[in-house]
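Survey of secondary and tertiary structure
So the chains spell out like this:
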Amino acid sequence: MLSAACKDAIRAMIYISNLSRKKEYADKFISIHKIANDLGISFYFLSKNLQKLVKAGLLISHRGPSGGVKLIKKPSEIKLLDIVEIIDGMDFFSTCILGFEECSDENPCTVHNLWAAKRQEIYELFKNTTLKDAAENIEKFENIKI
């Protein structure tokens, strides 16, 4: 499954995407302290993961009193799969759910065929969902928290 770091990075990116659509945050850097506080994530843990997203070219960062991070690309151009790949890698979509190293189509474990179909569905979901899509879904449901 996805790591806590990956889930937090996805939540943070959706949060950044949402804030960047508001007038008061348009073209401004968003403080990592604000993101961490608002999402209930450790500042140091979040900083480490956001730095990976900066290095990968999804965010730009700026130090100083008005520093923080902001999206480089439009939310409609960033797929959730991009974030998963940067933070966790793609092993989730290719490894055995039970942890067997020898599991494959030729040598399946007991749940291989069931998992393969679900894994593909999950892959397609992350591949086809953008930050914009995720942000719009949050706006539709008032009780959803990121």
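Residues numbered from 1 in each chain as written. Predicted model: local features only at pLDDT ≥ 70, side-chain atom pairs only at ≥ 80, totals over all residues. Heavy atoms only, no water.

Considering the overall build of the protein
- When its secondary structure is counted, the protein shows six helices and two strands.
- Put simply, the protein runs from its N terminus to its C terminus through helices and strands in the order α-α-α-β-β-α-α-α.
- Seen through its principal axes, the protein has C-alpha atoms that stretch 55 × 30 × 25 Å.
- When each of the 146 residues of the protein is scored for burial, the buried share is 37%.
- Per element, the accessible surface of the protein, about 9,100 Å² overall, is 52% carbon and sulfur.
- Charge centroids of the protein, computed over 21 positive and 19 negative side chains, lie 9 Å from each other. (Helix = DSSP H or I, 4+ residues; strand = E, 2+ residues; numbered from the N terminus. Buried < 20%, exposed > 50% of the residue type's maximum accessible area, 1.4 Å probe, protein only. Areas by Shrake-Rupley, 256 points an atom, 1.4 Å probe, with all protein chains shown as cover. Lys, Arg positive; Asp, Glu negative; His and termini not counted. Charge placed at Lys NZ, Arg CZ, Asp CG, Glu CD.)

Let's talk about the packing of aromatic side chains
- All told, the structure shown has five aromatic pairs when counted by the stated rule.
- Centre to centre, the rings of F43 and Y44 are 5.1 Å apart; their planes meet at 80°, and the pair counts as edge-to-face.
- A relative accessible area of 68% places Y44 in the exposed class.
- Pairing F92 with W115 gives two aromatic rings, centres 5.8 Å apart and planes at 75°, and the pair type is edge-to-face. Of this pair, F92 sits in the loop between α4 (80-87) and α5 (112-128) while W115 sits in helix α5; the two residues are 23 residues apart in sequence, bridging distant segments of the chain.
- A relative accessible area of 14% places F92 in the buried class. (Phe/Tyr/Trp six-rings, centres within 6.5 Å; stacked < 30°, edge-to-face > 60°.)

Concerning the nonpolar core
- With 38 residues, the main nonpolar core has I10, M13, I35, L50, L53, L59 and I83 as its most contacted residues.
- Residue assignment for this core shows that the elements contributing at least two residues are α1 (4-20), α2 (32-39), α3 (43-55), β2 (68-71), α4, α5 and α6 (131-140).
- Sorting elements by how many residues they give to this core places α1 first, with ten residues.
- Contact partners of L59, with chain neighbours within four places excluded, come to M13, I16, L50, L53, V54, V69, K70, L71 and I72. (Core = buried A, V, L, I, M, F, W, Y, C linked by side-chain atoms within 4.5 Å. Contact = heavy atoms within 4.5 Å.)

Looking at the pattern of salt bridges
- Evaluated as defined, the whole model comprises four salt bridges.
- Across the salt bridge formed by K118 and E121, the nearest N and O atoms sit 3.9 Å from each other. With K118 and E121 both in helix α5 and three residues apart, the pair spans about one turn of that helix.
- Look at K118 and you get partly exposed, because its relative accessible area is 47%. (Salt bridge = Lys/Arg side-chain N within 4 Å of Asp/Glu carboxyl O.)

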